[in-house]
Amino acid sequence: MKCFRIFLLQWNEVTTCFRAGMPLRKHRQHFKKHGNCFTACEAVDWLYELLRSNSNFGPEVTRQQTVQLLRKFLKNHVIEDIKGRWGSENLDDNNQLFRFPTTSPLKTVPRHHPELRKSNLENISKEKESIFKLRHLSRRTPKKHVFQENTENIRSEIGDENKENPVEEREVSQEDTEEIWRHIILMHLQTILGMPSLEEILDPAQVIPQYIIYNMTNTSKHGVVVLQNKEDDLPHWVLSAMKCLANWPRNNDLSQPAYAGFERDVFRTIADYFLDLPEPLLTFEYYELFVNILGLLQPHLERVAIDALQICCLLLPPPNRRKLQLLMRMIARMSQNVDMPKLHDAMGTRSLMIQTFSRCVLCCAEEVDLDELLATRLVSFLMDHHQEILQVPSHLQAAVEKHLDYLRKGHITYPGDELIAALPTYSYCKQISTQEFDEQKVSTSQAAIAELLENIIKDKNLSLKEKKKKLKQFQKEYPAIYQTRFPTTESEAALFGDKPTIKQPMLILRKPKFRSLRY
């Protein structure tokens, strides 16, 4: 199974928080007492609230998904039953007893071999240096002259040169145009994500310029991709059904329902079509890319996630992008439509949309823990921001046109030297070392654990006794973080309003002497 860094970090964060916060107590089963354990139902209750409050998953998480995650925990030995058995997914929302094993459940984040990583970086850097030079021209730099790195200086030199020796504009080939599109996409995405390199999540060969150009130029007035080959489009009956529900009760293609439950049948027809697709709309190939962006998906990084997803969705094959656009438009309208009849007896329209179509949008080719939860989180975000994410970014078109203009007009000629394209320079993010990455990983995990401690402190639903018990358990598991939050006994006592731990000496009173009443 292919491992992904961002997925493993999220897995480690959830398992760490679960082990730190899950209450343990004594249970009796079959006339026998078991200490430091919990029931499956108690675990579902606690983990369900944790996932709903976690920014990586959100309130769209269901209780059934929480049960599925606990089954993954049991399979991967994050937990074990009271007899020490694990490795299966035999767990239900009941009173079966489980406990934590003594071994660490954290998964190791994979790293590339240092020599291979160095070789890849060298190849990418060479590619960046030569990517804009025309293939039929020399790739060597003239020894007689040194180019200025500043674009404005290049422009001034070009202007002076052209005044003395005017040259004609050259034609730019389709191949050169595609290379510029690939370069612009990679540079913009790397800048948005703030990553030293994209090699961990995206191979440059996965960026197909023909798809990008088609998705940018062949669109309707609403920005939806228009396909030239109608065989790749949605079947007419699916489009009609989607329009019916998207515009409910204003139906354009279908007449008003003649029987109760008509809208549910239409919805099932649409769901069946998307569930039967051979691969998710975001494709198996880009799974790692979208999961990585999903890990940037924090409240304070919402703009970053929108811009990154906007570029990544341009990489999709045009039929996939069109299906994704139409699907997001439909489920967003249905979720906001107060006139939409109830489509499920126990679930709201928004939750039903997310649970039904999440696996149709994002899914790994092989089974991955947290897969469904990540897909749910991404689809929820796409629903809320689909208009921005799936629109055509005009700034990319402007950037490409600017570079094409450099190729047509911005060349410099010198006697006896080849023609070399003058292009603007870029500043690249600094690559961090493996040690720095590990330090950042540890700091991120510690921040999540510290956040868990604050949630325990601020939880108003916990009784004073339960809160003290959880804090005592947290102090035992993570003494350093606890010590940072409560450096003194006074700060700890202030939380509960307790009296000082050092009691004042009591006054010693002399007992009065009583005289006998007898004479």
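Residues numbered from 1 in each chain as written. Predicted model: local features only at pLDDT ≥ 70, side-chain atom pairs only at ≥ 80, totals over all residues. Heavy atoms only, no water.

Q: I keep staring at the overall build of the protein and nothing clicks. Help me out?
A: In terms of regular secondary structure, the protein is built from 19 helices and six strands. Within the protein, buried positions represent 46% of all 519 residues. Considering only intrachain contacts with a sequence separation of at least 6, the fraction spanning at least 24 residues in the protein is 70%. When the accessible surface of the protein is summed, it comes to about 29500 Å², and 52% of that surface belongs to carbon and sulfur atoms. (Helix = DSSP H or I, 4+ residues; strand = E, 2+ residues; numbered from the N terminus. Buried < 20%, exposed > 50% of the residue type's maximum accessible area, 1.4 Å probe, protein only. Contact = heavy atoms within 4.5 Å. Areas by Shrake-Rupley, 256 points an atom, 1.4 Å probe, with all protein chains shown as cover.)

Q: Would you mind showing me how to read the environment of Ile192 here?
A: Tracing the backbone shows Ile192 in helix α6 (residues 174-193). Not counting the four nearest positions on each side in its chain, Ile192 is found in contact with Val304, Asp307, Ala308 and Ile311.

Q: Would you take a moment to explain the packing of aromatic side chains for this structure?
A: Under the counting rule described, the total for this entry stands at 11 aromatic pairs. For the ring pair Phe18 and Trp46, a centre distance of 6.1 Å and an interplane angle of 55° mean the geometry is tilted. Pair noted here: Phe18 is in helix α1 (residues 5-21) and Trp46 is in helix α2 (residues 40-53), with a separation of 28 residues, a long-range link. On the accessibility criterion, Trp46 (14% relative accessible area) is buried. Considering the side-chain rings of Phe18 and Phe100, the 5.4 Å spacing of their centres and the 80° angle between planes classify their relative orientation as edge-to-face. In this pair, Phe18 is assigned in helix α1 and Phe100 in the loop between β4 (97-99) and α4 (114-130), connecting sequence segments 82 residues apart. Assigned by exposure class, Phe18 and Phe100 land together as buried. Taken together through their ring pairs, the aromatic side chains of Phe18, Phe38, Trp46, Phe73 and Phe100 make up a single cluster. Just above the ring of Phe486 sits the side chain of Arg485; from NZ or CZ to the centre is 4.9 Å. (Phe/Tyr/Trp six-rings, centres within 6.5 Å; stacked < 30°, edge-to-face > 60°. Lys NZ or Arg CZ within 6 Å of the ring centre and 35° of its normal.)

Q: Help me understand the state of the cysteines in this model?
A: Tallying each qualifying case throughout the model produces zero disulfides. The cysteine Cys312 is free of any disulfide, with Cys313 supplying the nearest cysteine sulfur at 7.0 Å. With no disulfide of its own, Cys360 lies 9.2 Å from the sulfur of Cys363, the closest cysteine sulfur. Of the residues examined, Cys360 reaches a relative accessible area of 5% and is grouped as buried. (Disulfide = S-S within 2.5 Å.)

Q: Can you walk me through the pattern of salt bridges in this structure?
A: It is possible for side chains bearing opposite charge to pair when their charged atoms get close. Tallied over the entire structure, the rule returns 16 salt bridges. Here Arg63 and Asp45 are joined by a salt bridge, their closest N and O atoms 2.7 Å apart. In this pair, Arg63 sits in helix α3 (residues 63-75) while Asp45 sits in helix α2, placing the two residues 18 residues apart along the sequence. Under the relative-accessibility criterion, Arg63 is labelled partly exposed at 29%. One salt-bridge network, in which partners are shared between bridges, spans Asp45, Arg63 and Asp93. (Salt bridge = Lys/Arg side-chain N within 4 Å of Asp/Glu carboxyl O.)

Q: Would you mind showing me how to read the sheet that holds strand β2 (residues 32-39) here?
A: Sheets are built from strands that pair by backbone hydrogen bonding, the pairs being arranged parallel or antiparallel. Read from one edge of the open sheet, four strands run β1-β2-β4-β3, paired in antiparallel fashion. Of all strands in the sheet, those with a lone pairing partner are β1 (25-29) and β3 (80-81), marking the two edges. Here β1 pairs with β2 via four bridges, running antiparallel. Among the inter-strand pairings, Arg25 is bridged to a residue of β2, identified as Cys37. Taken strand by strand, α2 contacts β1, β2 and β4, and its axis lies near 25° from that of β2. (Pairing = 2+ DSSP bridges. Axes fitted to C-alpha atoms, helices over the stretch in contact; angles between N-to-C directions.)

Q: Help me understand the packing of helix α9 (residues 262-275) against helix α13 (residues 349-361) in this model?
A: Any two packed helices are characterised by the angle at which their axes cross and by the distance between the axes. Close contact between α9 and α13 brings their axes to 9 Å; oriented N to C, the two are set at 25°. The angle between α9 and α13 places the two elements in the roughly parallel class. As for the relative orientation of α9 and α13, their crossing is left-handed in sense. Taken together, the residues of α13 that come into contact with α9 (itself represented by Phe267, Ile270, Ala271, Phe274 and Leu275) are Leu352, Met353, Thr356, Phe357 and Cys360. Broken down by class, the residue content of the contact of α9 with α13 amounts to nine nonpolar, one polar and no charged. (Parallel < 35°, antiparallel > 145°, perpendicular 65-115°, else oblique. Left-handed = near helix turned anticlockwise from the far one by under 90°. Nonpolar A, V, L, I, M, F, W, Y, C, P; charged D, E, K, R; others polar.)

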